Amino acid sequence: MRNRPLQRIVIVGGGSAGWITAAPLARMLCRPDQPDQHCEVTLVESADIGTVGVGEATLPTIQFYNQLLGIDEADFVRRTRATFKLGIEFQDWGRIGNRFFHGFGGFGPAIHNRPLWAYWLRLQALGDQLPSYEEWSTATVMARQMRFVPPTPGEPAPSNAFNYAFHFDASLYGAYLREYALKHGAQRTEGTITRVETRPEDGFVTALHLSDGRRVEGDLFIDCSGFRALLIDGAMKSPYEDWSHWLPCDRALAVPCESAGPMTPYTRSTARTAGWQWRIPLQHRTGNGLVYCSGYLSDDEAQRTLLDNLDGKALDEPRQQRFVTGRRKQGWVKNVVAVGLSSGFLEPLESTSLHLIMDAVSRLTAMLPDQSFQPALADEFNRQMAYRYESVRDFIILHYKLGERRDSEFWRYCADMPIPDDLAHQIALFRKTGRVAVIEPEGFAEPSWASILLGLGVYPERYDPYIDLVDPQLIRRHLHSVHSSISRTVASMPSHADFLNRISAPPKA
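Residues numbered from 1 in each chain as written. Predicted model: local features only at pLDDT ≥ 70, side-chain atom pairs only at ≥ 80, totals over all residues. Heavy atoms only, no water.

**Topic: the pattern of salt bridges**
Then step 1. Enumeration according to the criterion identifies 35 salt bridges in this entry.
Then step 2. One salt bridge connects Glu-190 with Arg-188, and the closest N-O pair in it is separated by 2.7 Å.
Then step 3. Note on Arg-188: relative accessible area 35%, which makes it partly exposed.
Then step 4. Between Arg-363 and Asp-359 there is a salt bridge; the shortest N-O distance is 2.6 Å. Here Arg-363 and its partner Asp-359 are both found in helix H8 (residues 353-366), four residues apart, which amounts to about one turn of the helix. For the residue pair Arg-363 and Asp-359, the accessibility class agrees, reading buried in each case.
Then step 5. Three or more residues are tied together by salt bridges with common partners; here these are Arg-8, Glu-197, Arg-215, Glu-217 and Asp-219. (Salt bridge = Lys/Arg side-chain N within 4 Å of Asp/Glu carboxyl O. Buried < 20%, exposed > 50% of the residue type's maximum accessible area, 1.4 Å probe, protein only. Helix = DSSP H or I, 4+ residues; strand = E, 2+ residues; numbered from the N terminus.)

Have a look at this one:
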């Protein structure tokens, strides 16, 4: 048994997807001082072809990616003009005037392995006048009070019962990772691809031909060419599965504006007549965008809606991106693997764009082939990525399907549309029994599902009967103790702005 290791990996396309892919591969495989173990990692990109910023907001999983690369967090925050993110605030979702928060973390310590919010529901049913369940989420309380400090290590406590992610400038992030990848041995080739060369006998890609006559050979080709899908569609003809009947938004406008007001440690999503608007605070500006359905809102109306709802002066003209929600049925075909927009697109309602890129890269490195390209590896990669995309898809559909909004044709369509069977089961289970079904264990966890379901007004008709075995007085004392502890802990934290100023200050010489 002898493997034939890969000797040349070629990444097509720069931007966030390309350099997110190149950085760990270079760190892991580029070993020029060990020729028998060295693999070239080459990224081909053209300055003539623009990139799509897949999002400036992230999920806590980005911490694992940064730790894998050994990135210093303070340096990362300074270089990408980042702010911290404790979750997402939703406004006007479910009904106009509604406001709820999807915080990163749970709702306090469980009792007998049952989540704290379930006991909150029990006391509500008994007639107790309680604050919102959100006040037992440390991340949510921190966000509402504009405070931030990283979790402290140690025994479980409110000071570590939360997680965090980042908001950052996508172009600066791409440049940051490009510098990292090149430092660790990756090579960058500037050029425009004019032809993809394949082997006649099996259709494997062998080389890329550039407009200046150069030829770039490789063993494994990673398609990070965005919506063009130059390799996975152009060469491999992998079909695209359209999900727009479930997620009808098909366009987005993005524009930065001047910062105004406090630097919030969270993303804001505000539901509009035919879609939703995002607000993402950075150190030097605020990122804004409107995701909408062109069947219910014209481009001119969308632009007016976006520009009329900015915090500060627009710094540029809005840029439009058109898309079809869905995914490639096979993201890995022969010796081509699609990563990023070439593999599929889901609107950034829950900041999953960069997360799905990093997830795909993680799975690819875990299943890195040798030159035999065993089909079983591609099959397993495709199976896992299908679950990941479908899980995220269903979580996003949940936001549109539930609630009381019927004030526009768009929202009436969303309320009446059929939904995937798994999601229908998850909603029914929670509504009837108060249980959360997490079908994809590596996807959004129970607290996330509970946050959206409760936030959209789905209160269970029944709760877990085991909870009746716990003395209500014990529950009241426990909830009071946790609530008080969270309040004291958050009150002692610095403001988000103060912590950010401290960590982003230039290092002393």
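Having seen the model, we can carry on.
**As for the packing of aromatic side chains**
Then step 1. Taken as a whole, this structure holds 32 aromatic pairs when the rule is applied.
Then step 2. Geometrically, the ring pair formed by Phe-101 and Tyr-266 is edge-to-face, given 5.5 Å between the ring centres and 85° between the ring planes. Within this pair, whereas Phe-101 is found in strand E5 (residues 99-103), its partner Tyr-266 is found in the loop between strand E13 (251-257) and strand E14 (267-272), the two being separated by 165 residues in sequence. The burial state of Phe-101 is the same as that of Tyr-266; both residues are buried.
Then step 3. For the ring pair Trp-332 and Phe-381, a centre distance of 5.6 Å and an interplane angle of 70° mean the geometry is edge-to-face. Taken together, the positions of Trp-332 in strand E19 (residues 332-333) and Phe-381 in helix H9 (residues 375-401) put the pair 49 residues apart, joining distant regions of the chain. Across this residue pair, the class does not change: Trp-332 and Phe-381 are buried.
Then step 4. Taken together through their ring pairs, the aromatic side chains of Phe-76, Phe-84, Phe-148, Tyr-164, Phe-166, Phe-168, Tyr-173, Tyr-176 and Phe-499 make up a single cluster. (Phe/Tyr/Trp six-rings, centres within 6.5 Å; stacked < 30°, edge-to-face > 60°.)

**Some details on the sheet that holds strand E9 (residues 205-210)**
Adjacent strands of a sheet pair through backbone hydrogen bonds, lying either parallel or antiparallel.
Then step 1. Strand order in the open sheet formed by three strands is E8-E9-E10, and the pairing between neighbours is antiparallel. The open sheet is flanked by strand E8 (193-198) and strand E10 (215-217), the only strands paired with a single partner. Sheet twist, expressed as the average angle between the axes of neighbouring strands with direction ignored, equals 25°.
Then step 2. Inspection of the sheet shows E8 paired to E9 by five bridges, in the antiparallel sense. Following the sheet pairing, Arg-195 is matched in E9 by His-209. (Pairing = 2+ DSSP bridges. Axes fitted to C-alpha atoms, helices over the stretch in contact; angles between N-to-C directions.)

**As for the side chain of Arg-327**
Then step 1. Within the fold, Arg-327 resides in strand E18 (residues 326-328).
Then step 2. Separated by 3.4 Å, the side chain of Arg-327 and the backbone oxygen of Lys-329 make a polar contact.
Then step 3. Not counting residues up to four positions away in its chain, the partners in contact with Arg-327 are Pro-239, Tyr-240, Glu-241, Trp-243, Ser-343, Gly-344, Ala-386, Tyr-389 and Glu-390. (Polar contact = N/O pair within 3.5 Å; in protein donor to acceptor, adjacent residues only side chain to side chain. Contact = heavy atoms within 4.5 Å.)

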